[in-house]
Amino acid sequence: MILLRPLRLDDLDALLPLQREGSVAALSHVFPQDEHPFPTEEVRRRWVAELADARTACLAAVRSGELVGFAATRADELFHFGTAVSTWGSGVAGVVHDEVVGRLREQGHRRVWLRVFDENHRAIRFYQRRGWRRTDEVSWSLFPPHPVLRRFELDLV
């Protein structure tokens, strides 16, 4: 059973290695680690700021007392989402996704959106299987080498 609860500052020591491992596994072709290693301290600073922002809902996915995933939403945007590499293919990500989307629906949102790297094929397949639609809107990552981020949308009605 997966419990989705508010993320806390004391979760960051477990979250950052989990997030790093997933990022490297899914995106090392986009962010070669010898040139663009995972920016652990910058990511930590961003999480600290997001945890302090009352507009942001930061969530921890916990199974048997262990952090296995995370998500963050702000208004109608899902802007962080990931699960431990050890859970990939197990259904954990689907359970967490559905719970987060359900919370957004309960907040009254009719359409939600997210951005995903154009080259993150695994994530794109995951989202498209759940009804997310690719749009033409793009932006670029703040992290070098600044790859393209694509907007996806999901209707909740």
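A brief look at the structure comes next.

**Section: the overall build of the protein chain**
Reasoning step 1: Across its full length, the protein chain carries 4 helices and 7 strands.
Reasoning step 2: Seen in sequence order, the protein chain has helices and strands lined up from the N terminus as β-α-α-β-β-β-α-β-α-β-β.
Reasoning step 3: In summary, the protein chain has a C-alpha radius of gyration of 15 Å against a globular reference of 15 Å for 157 residues, a match within 12%.
Reasoning step 4: Taken over the C-alpha atoms alone, the protein chain extends approximately 45 × 40 × 30 Å along its principal axes.
Reasoning step 5: Expressed as a percentage of the 157 residues in the protein chain, the buried residues total 46%.
Reasoning step 6: If you sum the accessible surface of the protein chain, you get close to 8,700 Å²; carbon and sulfur atoms cover 51% of it.

**Brief notes about the pairing of strand β3 (residues 66–74)**
Reasoning step 1: Across the 9 residues of β3, 7 count as buried, placing the element largely inside the fold.
Reasoning step 2: Pairing of strand β2 (residues 56–63) with β3, which is carried by 8 bridges, proceeds in the antiparallel orientation. In the sheet register, R63 faces β3, and the bridge partner there is E66.
Reasoning step 3: Sheet topology places β3 next to strand β4 (residues 77–83); 6 bridges connect them, and they run antiparallel. Residue pairing in the sheet places F70 in a bridge with G82 of β4.
Reasoning step 4: In textbook terms, the turn of a hairpin is the stretch between consecutive antiparallel strands, and for β3 and β4 this stretch comprises 2 residues, one of which, A75, has a positive phi near 55°.

**Let's talk about the nonpolar core**
Reasoning step 1: Of all hydrophobic cores here, the largest spans 24 residues; its most connected members are F81, V100, Y127 and W132.
Reasoning step 2: Elements represented by at least two residues in this core include exactly β2, β3, β4, α3 (92–106), β5 (111–117), α4 (121–129) and β7 (148–155).
Reasoning step 3: Take this core: its biggest share by element is 6 residues, from α3.
Reasoning step 4: Filtering out sequence-adjacent residues up to four positions away, W132 remains in contact with L78, H97, V101, V112, W113, L114, Y127, F152, E153 and L154.
Reasoning step 5: L16, L18, W47 and L67 belong to the second-largest nonpolar core, a separate cluster that totals 22 residues.

**Section: unusual backbone geometry**
Reasoning step 1: The peptide bond linking P144 to P145 adopts the cis configuration, its omega dihedral lying at 10°.
Reasoning step 2: As for its placement among the helices and strands, P145 is situated in the loop between β6 (133–140) and β7.
Reasoning step 3: Positive phi, normally seen in glycine, also occurs at A75, with a value near 55°.
Reasoning step 4: Relative to the assigned elements, A75 resides in the loop between β3 and β4.
Reasoning step 5: Looking at A75, the relative accessible area reads 47%, which means it is partly exposed.

**Notes on the packing of helix α1 (residues 12–27) against helix α2 (residues 40–52)**
Reasoning step 1: Interaxial distance between α1 and α2 falls to 11 Å at its minimum, and their mutual angle equals 125°. Here α2 runs oblique to α1, going by the angle between their axes. Two packed elements cross with a definite hand, and for α1 against α2 that hand is right-handed. Note on element contacts: α2 touches α1 through T40, V43, R44, W47, V48 and L51, opposite L12, D13, L15, L16, Q19 and R20.
Reasoning step 2: In terms of residue class, the contact of α1 with α2 is made up of 7 nonpolar, 2 polar and 3 charged.

**Observations concerning the environment of V101**
Reasoning step 1: Position of V101 relative to the elements: it lies in helix α3.
Reasoning step 2: Measuring from C-alpha to C-alpha, the distance between V101 and D76 comes to 9.8 Å, with 25 residues separating the pair along the chain.
Reasoning step 3: Those residues in contact with V101 that lie beyond four places of it in its chain are W132, L154 and L156.

Rules used throughout
Residues numbered from 1 in each chain as written. Predicted model: local features only at pLDDT ≥ 70, side-chain atom pairs only at ≥ 80, totals over all residues. Heavy atoms only, no water. Helix = DSSP H or I, 4+ residues; strand = E, 2+ residues; numbered from the N terminus. Rg over C-alpha atoms; globule rule 2.2 N^0.38 Å. Buried < 20%, exposed > 50% of the residue type's maximum accessible area, 1.4 Å probe, protein only. Areas by Shrake-Rupley, 256 points an atom, 1.4 Å probe, with all protein chains shown as cover. Pairing = 2+ DSSP bridges. Core = buried A, V, L, I, M, F, W, Y, C linked by side-chain atoms within 4.5 Å. Contact = heavy atoms within 4.5 Å. Axes fitted to C-alpha atoms, helices over the stretch in contact; angles between N-to-C directions. Parallel < 35°, antiparallel > 145°, perpendicular 65-115°, else oblique. Left-handed = near helix turned anticlockwise from the far one by under 90°. Nonpolar A, V, L, I, M, F, W, Y, C, P; charged D, E, K, R; others polar.

Geometric descriptors of this kind do not, in isolation, establish any biological role.
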